[in-house]
Amino acid sequence: MKKDTELWLQYADENLKSAEVLMKGSLYNPSLQNAQQAVEKYLKALLIEKAVGLTRTHSIRELSGLLVSLGVHLSMTDDDIDLLDSIYLPSKYPAFSVLPNFMPDQSVCRQCLEIAEKVRLDILRVIS
């Protein structure tokens, strides 16, 4: 495994752990933001490992699409991707809820953490 890949995986793992801690503290917006960031970094780590390089995007759909074009299929569903893509920008600013019709809660945080863990395992499986 490339050194750069290892570094990206380390950062992604830190985001995932942060998301878990924040959820337990009822800090749902930052928990979701960290879960989204973890997935983004896991996907970018695999792109680095595959020598594709980095794409300047926060779109989970775009990143997963690049991996699909390389023949890498992850277990994320379209709904998982839509949920994660709905998080990035709104979770950074107080004028928005992360989710369009309601405030985030522990349930949606748990769902996003499960997606992130699933992606983590997919990425590790592909890299090894």
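If you're wondering where the values come from, they're calculated on a predicted model, not measured in any experiment. (Residues numbered from 1 in each chain as written. Predicted model: local features only at pLDDT ≥ 70, side-chain atom pairs only at ≥ 80, totals over all residues. Heavy atoms only, no water.)

1. Looking at the pattern of salt bridges
Where charged atoms from two side chains of opposite charge approach closely, those side chains can pair. Enumeration over the complete set of coordinates arrives at seven salt bridges. Salt-bridge contacts for arginine 120 lead to aspartate 13; the nearest nitrogen and oxygen are separated by 3.4 Å. Note that arginine 120 is positioned in helix H5 (residues 106-127) and aspartate 13 in helix H1 (residues 3-24), a separation of 107 residues in sequence. According to the relative accessible area criterion, arginine 120 is partly exposed, its value standing at 23%. Using a relative accessible area of 26% as the deciding quantity, one classes aspartate 13 as partly exposed. The closest approach of N and O atoms between glutamate 117 and arginine 120, which form a salt bridge, is 3.0 Å. With glutamate 117 and arginine 120 both in helix H5, this residue pair falls three residues apart, about one helical turn. Overlapping salt bridges, with partners in common, bring together Asp13, Glu117 and Arg120 in one network. (Salt bridge = Lys/Arg side-chain N within 4 Å of Asp/Glu carboxyl O. Helix = DSSP H or I, 4+ residues; strand = E, 2+ residues; numbered from the N terminus. Buried < 20%, exposed > 50% of the residue type's maximum accessible area, 1.4 Å probe, protein only.)

2. Observations regarding H1
End to end, H1 covers 32 Å across 22 residues, agreeing with the expected 32 Å (1.5 Å per residue, within 8%). All of the buried residues along H1 are Thr5, Leu9, Ala12, Asn15, Leu16, Ala19, Leu22 and Met23. Viewed end-on, H1 has its buried residues packed into an arc of 150°, placing them on one side of the element. Within H1, the exposed residues directed more than 90 degrees away from the buried face are Lys3, Lys17, Val21 and Lys24. The positive-phi residue at the C-terminal boundary of H1 is serine 26, with phi of around 60°. (Expected span 1.5 Å × (residues − 1). Arc of directions from axis to C-beta.)

3. Some words on the side chain of threonine 5
Turning to its location among the elements, threonine 5 is positioned in helix H1. Residue threonine 5 is classed as buried on the basis of its relative accessible area, which comes to 0%. Residue contacts for threonine 5: discarding those within four places in its chain leaves Ala45, Ile48, Glu49 and Ile127. (Contact = heavy atoms within 4.5 Å.)

4. Observations regarding the environment of arginine 56
Residue placement: arginine 56 occurs in the loop between helix H2 (28-49) and helix H3 (60-69). On the accessibility criterion, arginine 56 (86% relative accessible area) is exposed. C-alpha separation for the pair arginine 56 and lysine 44, spaced 12 residues apart in sequence, amounts to 9.9 Å.

5. A look at the nonpolar core
Val39, Tyr42, Leu43, Met76, Leu84, Val119 and Ile123 are the most contacted members of the largest nonpolar core, which totals 33 residues. Elements with a minimum of two residues in this core: H1, H2, H3, helix H4 (78-85) and H5. For valine 39, the contacting residues outside a window of four places in its chain are Ile60, Met76, Leu84, Ala116 and Val119. (Core = buried A, V, L, I, M, F, W, Y, C linked by side-chain atoms within 4.5 Å.)

Just distances and angles here, no functional claims.
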